[in-house]
Amino acid sequence: MPEQATEVTAAGIARLAGVGRAAVSNWRRRHADFPKPVGGTGTSPSFALPEVEQWLRDQGKLAEVPLRERVWQQTAGHPEGAVTALVHTGCALLLVRDRPSVWLELTAVSDERMAAVLPHAMEEVLGARLDPDAGARARSGAPVPPGHAPPADGDAAAGRLSVDSPAAGPPAAGGVHNAAGVLSDASAVHITRAVPTPSADALLPSVPLLRAAADLAAGIGAGQTFEFLLGRQLDANPRQYTLTPPGLAELMAALAETGKDTHPPGGGGRPVRSVLDPAAGTGTLLRAVAGPAELLAQEADPSLAALTALRLVLQGDGSPRSAPARTVRGGDALRADAFPQLAADTVLCHPPFNDRNWGHDELAYDPRWEYGFPARTESELAWVQHALARLRTGGTAVLLMPPAAASRRSGRRIRADLLRRGALRAVIALPAGAAPPYGIPLHLWVLRKPGGALHPVPEILLVDITDPAEPGTTTGTQTSGGRDRLDWPAVHAAVLDAWRDRADHPGVSRVVPVIELLDDDVDLAPARHLPRPAAGGGAAGLEDVREKLADTLRLTAHLTPPPAELSAPARWPLTTVGELARAGALLLRTGTGAASYAGTGTAPVLTEHDVLAGTAPSGTPAPPPTGTGAPTPDDPALLQPGDVIVPVLGGGSVARVVDEATAGAALGRNLQLLRPDPAAIDPWFLAGFLRGTANHRQASSYASTAARLDARRLQLPRLPLAEQQRYGEQFRALAAFEDALRTAGRLGGQLVRGMYDGLTDGTVTPR
């Protein structure tokens, strides 16, 4: 095997071949010629990618590796790690986009010569795009130092770099390479740049990857190529990064946009607003900012700072004249603020939570603590004050906060001063699953920097959308499922409507006078000040609920099955769902939660919760793959009348027959669809026998804590169609009886809760 050959794990092999990881394990056991591990561990071995590709081709399991997969495997298998590979690739993609003809000249030489020339060319584009002082010089009209002029039109500004001239090597004047192989400037001009120029030695192992990435960018664009690779890296290491979901980032950006005033003090306005994220992470919040804006970011992790900088500069078409500045700097914003004189229009921030090592001891006399010195346990309030300190007067900040920050006693004095001075404008409680930690309903704090001619507002808006709609309804924000289950359009609409209206809506929003909150606790948790509306619409609606419950109970009594007629156990000839599928008597599909990405509309998704609870489809489609270069999902499984749906993970003996009202929805995750041929199998007969307890147990595996159903192993008796229909009618009647019982339980619960609420708040009197 050649040195530095790209390695791939079993999961990567499965992705290449389009199979599951279990298939790869079977190949290793059954084929003696399967490539041997070359690295990794005993439990997670890695294999040489060229050997794997050749073996797959020899076995007829792979015609050609898709280019995007090859690029990702080269990234993941880079000898210095995927992050280093991503940084090198991002620098190259920036060169491909901004200086395409220079890139073509560079690729015409050998790998060794290309690695020697690349640092000089990369320094040109990185200096032009990411020089931290370029934006300030451009606004002030200060002269640009030699060697740092922004690129002119075309490739002329690159000096038509010759790959055969001595000047094509790494910059010699004032340039030194540190131990990490990164070009550093002796005059410290680039010390604070988030993406230092890689050295020739560091770039040499990356040259094949850079060539392949450029080929991929030729088809889908440089920005989309980087997004695809970065998305794969984030997905492959979910515990390494704390991510801000795109839906939440868009909501925070929209709140800041809605809350900003368009005429800042001093007159004249600003042609381009400035937006700061002092804890940028992967840059998702700044990418969500709409319209032209100068984006400024700081990130303590140098690797994330570099990836964020490349992500931001690769966003858009790369026009040097129209794109506002993107300035990204490294370092901890609390301990080493990179923008001490900044007066931004907007601050967006997802700060680290529960960080006791935020700098409490060394920052005791910091001038940013205008509202009080935060306790060691109140790191989030330190970030709140940092955000306010970097805003202009009247500027808006939106921060994601843990719910404890709204009620901890150690922060009550700071919260009280934020209220008294009118800095805190709104606290919004989000559904659980909005962001990590996904099991906690996080808060958004909307702040405005007071001062000048602005008068303190003696009220604050509290919004609570943590609770789903009433059980059995199809509206709401899908809070019960946690991560990836939120209906983000509904969340956006609820939050933005409440923010714009600033009105009282029972159980959803309330404008609270500040004086009402200035007690001993200064508890700003919306749930404390926004009690849920009474079940059933309050006392006035209890009679309607009671009448519906009475009707449902009468229907339940009518649908109660007659006394059972006992007989000896039947001994039918049996077949399995798998055999029926192979014979063409039914079709099997597995749900992905996807809906059509073509066109403008998407179908609702029938979720596992909907099947178990007997409710209408309430899910939203899974987000489309990151970037145009991401793999295209299979066409969604759209439900048709007569389909039978079964959950595959610990759902118990449940099977649902799709009716006309549910038809057209997409099949959700962890569900399997069985579409019987009506000329051979009655759907209600099929669903009824699939619900048998013994049948379900023999078709389930119990290798983990949750039982997993293998639908192909479910058994059915071989009966004539007429006999199937006779059984099907009985199963249909049982399903109707079950639905009536479920509805009666829901209405009964509403009535009980409504009576308790009415009796305790005085709207209902005892009889």
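Everything quoted here is computed from the prediction, not taken from an experiment.

1. Remarks on the pattern of salt bridges
Between side chains of opposite charge, a pair can form when the charged atoms approach closely.
Part 1 of the reasoning: Under the criterion given, the structure shown has 30 salt bridges.
Part 2 of the reasoning: Linking Arg97 and Asp98 is a salt bridge whose minimum nitrogen-to-oxygen distance equals 3.0 Å. Here the two residues Arg97 and Asp98 agree in accessibility, since each one is buried.
Part 3 of the reasoning: Several salt bridges converge on common partners, so that one network encompasses Arg409, Asp521, Asp523 and Arg528.

2. Thoughts on the sheet that holds strand S11 (residues 391-401)
Part 1 of the reasoning: Read across the open sheet, the nine strands follow the order S9-S8-S7-S10-S11-S13-S12-S14-S15; overall the sheet is mixed. The open sheet has two edge strands with one neighbour each: strand S9 (326-330) and strand S15 (509-513). In this sheet, neighbouring strand axes are inclined to one another by 15 degrees on average, regardless of whether the strands run parallel or antiparallel.
Part 2 of the reasoning: Strand direction decides the pairing type here: S11 and strand S13 (residues 443-448), joined by six bridges, are antiparallel. The partner of Leu399 across the bridge, within S13, is Trp445.
Part 3 of the reasoning: Sheet strands touched by helix H15 (residues 379-389): strand S10 (344-349), S11 and S13. Its angle to S11, the strand with the most contacts, is close to 155 degrees.

3. Thoughts on the packing of helix H4 (residues 67-76) against helix H11 (residues 222-236)
Part 1 of the reasoning: H11 packs onto H4 with a crossing angle of 55 degrees between their chain directions and a minimal axis gap of 10 Å. If you check the angle between H4 and H11, you find them oblique. Regarding H4 and H11, the two cross each other, and that crossing is right-handed. Contact with H4, carried on its side by Arg68, Glu69, Val71, Trp72 and Thr75, involves Phe228, Leu229, Arg232, Gln233 and Ala236 of H11 and no other residues of that element.
Part 2 of the reasoning: Of the residues in the contact of H4 with H11, the class split is five nonpolar, two polar and three charged.

4. Structural notes on helix H16 (residues 412-420)
Part 1 of the reasoning: Among the residues of H16, Ile414, Arg415, Ala416, Asp417, Leu418 and Leu419 are the ones counted as buried.
Part 2 of the reasoning: Tucked inside the fold, the buried residues of H16 contact H15, strand S12 (424-429), S13, strand S14 (459-464) and helix H18 (514-517).
Part 3 of the reasoning: At the exit of H16 stands Gly422, carrying a positive phi of roughly 75 degrees.

5. Comments concerning the sheet that holds strand S20 (residues 656-657)
Part 1 of the reasoning: Spatial ordering of the open sheet is given by S17-S22-S19-S20, a layout of four strands whose pairing is antiparallel. Each edge of the open sheet is held by one strand with a lone partner, namely strand S17 (586-590) and S20.
Part 2 of the reasoning: Inspection of the sheet shows strand S19 (residues 644-647) paired to S20 by two bridges, in the antiparallel sense. If you follow Val644 over to S20, its bridge partner there is Val657.
Part 3 of the reasoning: Across the sheet, helix H23 (residues 683-690) touches S17, S19, S20 and strand S22 (671-676), and the angle it forms with S19 is around 15 degrees.

6. Brief notes about the nonpolar core
Part 1 of the reasoning: Counting residues in hydrophobic clusters, the biggest one holds 92 residues, and the most contacted among them are Val195, Leu255, Leu430 and Leu444.
Part 2 of the reasoning: Looking at which element gives the most residues to this core, the answer is helix H5 (residues 82-98), with ten residues.
Part 3 of the reasoning: Setting aside residues up to four positions removed in sequence, Val195 forms contacts with Val87, Cys91, Leu126, Leu130, Ala306, Ala309 and Leu310.
Part 4 of the reasoning: Counting residues in each nonpolar core, the second largest holds 44 residues, with Leu363, Leu381, Trp383 and Val384 among its members.

About the thresholds
- Residues numbered from 1 in each chain as written.
- Predicted model: local features only at pLDDT ≥ 70, side-chain atom pairs only at ≥ 80, totals over all residues.
- Heavy atoms only, no water.
- Salt bridge = Lys/Arg side-chain N within 4 Å of Asp/Glu carboxyl O.
- Buried < 20%, exposed > 50% of the residue type's maximum accessible area, 1.4 Å probe, protein only.
- Pairing = 2+ DSSP bridges.
- Helix = DSSP H or I, 4+ residues; strand = E, 2+ residues; numbered from the N terminus.
- Axes fitted to C-alpha atoms, helices over the stretch in contact; angles between N-to-C directions.
- Contact = heavy atoms within 4.5 Å.
- Parallel < 35°, antiparallel > 145°, perpendicular 65-115°, else oblique.
- Left-handed = near helix turned anticlockwise from the far one by under 90°.
- Nonpolar A, V, L, I, M, F, W, Y, C, P; charged D, E, K, R; others polar.
- Core = buried A, V, L, I, M, F, W, Y, C linked by side-chain atoms within 4.5 Å.

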